[in-house]
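# Structural description and commentary
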Amino acid sequence: MNLFERQEAVRRRSRRLVWLFAAAVLGVVLAVDAVAWLLFVGVFGQPGATAPVLVATTVLTLLLIAGASLYRSLGLRQGGAAVAQALGGTLVPADTQDANLRRLRNVVEEMAIAAGMPMPRVFVLEREAGINAFAAGFTPADAAVAVTRGALDRLNRSELQAVVAHEFGHIVNGDIRLNLRLVGWLFGILVVGIAGRELLKASHGSDRKALPLLLLALALILIGAVGLLFARLIKAGISRQREYLADASAVQYTRDPDALVGAFCKIGGCPQGGRLEQPEAEEVSHMLFEDGIGFSRWMATHPPLLDRIRALRPGFRPAQWEEVLARRGLPPPSGLEEDHALGLAGPPPLPPEEAALPVAAPALAAGVGQWREGDVERARAVAAAIPEVLDRAARDREEAVLLLYGLLISARPAVRERQCFELKARSSEAVVGQARDYAERLAGLHAALRLPLAMIALSTVKQRPRAELEAIADLCFALSHADGGVDFLHYGLAQLLRNELAESATPGEAWRRPRLKLSQVEAEVALLLSVMAQAGHAAPAEAQRAFLAGLQAVLPQSAARYQPPVGGLALLDEAWPRLDALLPKGKLMLVEALVAAALHDGRLTVAEGELLRIVCAILHAPLPAALCPGRRD
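Before going into details, it helps to say that this report is about the structure given with it. (Residues numbered from 1 in each chain as written. Predicted model: local features only at pLDDT ≥ 70, side-chain atom pairs only at ≥ 80, totals over all residues. Heavy atoms only, no water.)

## Topic: the packing of aromatic side chains
Evaluated as defined, the whole model comprises 3 aromatic pairs. Between F264 and F289, the ring centres sit 5.5 Å apart and the planes meet at 15 degrees, which makes this aromatic pair stacked. Highlighted residues: F264 in helix α9 (residues 257-269) and F289 in the loop between α9 and α10 (305-312), separated in sequence by 25 residues. Residue classification places F289 among the buried residues on the basis of a relative accessible area of 1%. Ring centres of F488 and Y491 lie 6.2 Å apart, and the angle between their planes is 25 degrees; this geometry places the pair in the stacked category. Of this pair, F488 and Y491 are both found in helix α21 (residues 488-505), 3 residues apart, which corresponds to roughly one turn of the helix. On the basis of relative accessible area, F488 is assigned to the buried category, the value being 6%. The exposure class assigned to Y491 is buried, which follows from its relative accessible area of 1%. (Phe/Tyr/Trp six-rings, centres within 6.5 Å; stacked < 30°, edge-to-face > 60°. Helix = DSSP H or I, 4+ residues; strand = E, 2+ residues; numbered from the N terminus. Buried < 20%, exposed > 50% of the residue type's maximum accessible area, 1.4 Å probe, protein only.)

Okay, here's the thing in structure tokens:
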């Protein structure tokens, strides 16, 4: 199952959720109507008023549920960071010197680099001793990954990496948006019980006139309890199978099932297990790595730990699980001490820049959103190879913005001067000087490091207020359009940064439902392939052959010609949203075409691979770190 098929499966579950939610709402409304009917007929003895009362009750109940769902959903529109903070999460600074926090950020950064994804914000739930984690957000651009203090202290690096990989599986598959929808919608059902409790407080007293109000309050509390049961059943039905898929994704990413099994065993051997103490844990239980509440069987949002272990290691025996449970009385392990004992601290070296990786176009395109053997190791090599001065800048709140501008400044003197003019007009002379200084430092940077460095800096910049994010996004756009001579690499990087900043500023508005067929975007496909072919080949004849190789893979019957834009790349501005709106099958074919164009000569250089990764990231089709060539054994 490829990325787009997995995302379509999430959309199907989302549609099923709509029907389940509608059924639950109907049940609650009918129950409230029944209470109203009993009150007016049995208590007040006014059967003639039943019809208008039932209409009014139905409308009021629907308004209450809809209003509560909307209110809760609006509260989540700030994205994954808001959810993590609501659960007591503390943001892990990009420049932290704490060994445990640095290890966590390194793991998340490596995973993001390996997946070709934006760097999520990283949080720690400091007051939670249980071993757990979750990912939240509307899109990868506003995603947040949070782990408990128990997980941070007790898991070694491989186990922590497996847990983070599990959460990345949820991000890549699109589960995180469905999770937030679930929180908002189910709150509307739960609010009926809350209304009952408030009525009960208001009905206290000896006045007999308060008796109907008391009965109504008790009935609403009972209905609320049934609504809570509905909510738990819906969450359990939606969540359980996704956990098996995310576990499988984690093993696919890390190629180390024993690490995930080790994490499960430590949860089983931990006195707190995966339990969260926060009152909001019930609301987000379906998001967690492991059940944080303690429900079992048909109420559980997660499969039993033993079942999840057996899915990874079929030979795991019940006696071994009993040994795991017996560890609960022993002193807790230290993850950092295990790292040193196992020698898990050192990353591999970065391969030479001139290396090239021969790959097949269909196989590479099929890897969208999926990792292969060695991807995480390559990502560690990339992260370790970033020069220290640039790494520090990417993690500094002020310097990260200047570094992003430096990444977008062209090496061509005429283009650079025009970009600096635009930068000065929108900021200051000091900003221009610092951005140019970073551009000079970046001039000799390994081609495989530019995109990862940009993503790390971007994660730091995203902590700024919405108005600042919008201003930075506009400046990125201006730098990429300052002169018709801006090359495709700088233009594409600027477009990607602009998209990520925009989605981070307004996470609730970032979702696009695929709706276009390839036949509807033929002109846009031809334009993108022409630009890609031109960017990768200095000779027009070679570029034309690359274009035709790509066109044959996506629109074999098309009569489109190789026609790169003469006056600059601005024509692509209107093409991106339409290409991003392709149906899953069409987008997969487009990625195959882009790969075919890059590989028409049978070789993929580092520069071509990184440009391909940038273009696919703009289309929300992340390519893995396998495009960063590594040593072949």
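Picking up after the structure, the text goes on.
## What to know about α10
Residue pairs three or four apart in sequence face the same way in an α-helix, which turns once every 3.6 residues. Where α10 is concerned, the buried positions are L305, L306, R308, I309 and L312. Along the axis of α10, the buried positions cluster into a sector of 160 degrees, meaning they face one direction only. (Arc of directions from axis to C-beta.)

## Quick word on the pairing of strand β4 (residues 144-148)
Counting buried positions along β4 gives 5 out of 5 residues, so the element sits mostly inside the fold. As paired strands, strand β2 (residues 121-125) and β4 are joined by 5 bridges and run parallel to one another. The residue bridging V124 from the neighbouring strand is V147, located in β4. (Pairing = 2+ DSSP bridges.)

## Structural notes on the side chain of S410
Mapped onto the elements of the fold, S410 is located in the loop between α16 (399-408) and α17 (413-426). If we skip the residues at most four places from it in the chain, S410 touches V415, R416, Q419, D487 and H490. (Contact = heavy atoms within 4.5 Å.)

## Concerning the pairing of strand β3 (residues 133-136)
The alternating pattern of β3 places A133 and A135 and F134 and A136 on opposite faces, both of which are buried. The pairing of β3 with β4 spans 4 bridges and is classified as antiparallel. Among the inter-strand pairings, A133 is bridged to a residue of β4, identified as V147.

## Here's the deal with the environment of G169
Along the chain, G169 turns up in helix α6 (residues 157-173). Given the relative accessible area of 0%, G169 is considered buried. With 78 residues separating them in the primary sequence, G169 and D247 have C-alpha atoms 8.0 Å apart. If we ignore the near neighbours within four places in the chain, the residues touching G169 are S249 and Y253.

## Re the pattern of salt bridges
Summed over the entire model, instances satisfying the criterion amount to 27 salt bridges. For E109, the salt bridge is made with R102, and the minimal N-O distance between the two is 3.6 Å. A relative accessible area of 3% places E109 in the buried class. A relative accessible area of 19% means that R102 is categorised as buried. Here the residues in one salt-bridge network are R102, R105, E109, D391 and R395, joined through shared partners. (Salt bridge = Lys/Arg side-chain N within 4 Å of Asp/Glu carboxyl O.)

## Some remarks on the sheet that holds strand β1 (residues 89-91)
The 4 strands lie next to each other as β1-β2-β4-β3, forming an open sheet whose pairing is mixed. The two strands at the open ends of the sheet, each matched to only one other strand, are β1 and β3. For this sheet, the mean inter-axis angle between neighbouring strands, taken without regard to orientation, is 25 degrees. Helix-sheet contacts for helix α4 (residues 99-115) involve β2 and β4, and the interaxial angle to β2 is about 140 degrees. (Axes fitted to C-alpha atoms, helices over the stretch in contact; angles between N-to-C directions.)

## Here we look at the packing of α17 against helix α18 (residues 429-442)
Axis separation between α17 and α18 bottoms out at 8 Å; the angle between their running directions is 140 degrees. The handedness of the crossing between α17 and α18 is right-handed. Across the interface between the two elements, R416, E417, C420, L423 and K424 of α17 pack against E429, V431, V432, A435 and R436 of α18. In terms of residue class, the contact of α17 with α18 is made up of 5 nonpolar, no polar and 5 charged. (Left-handed = near helix turned anticlockwise from the far one by under 90°. Nonpolar A, V, L, I, M, F, W, Y, C, P; charged D, E, K, R; others polar.)

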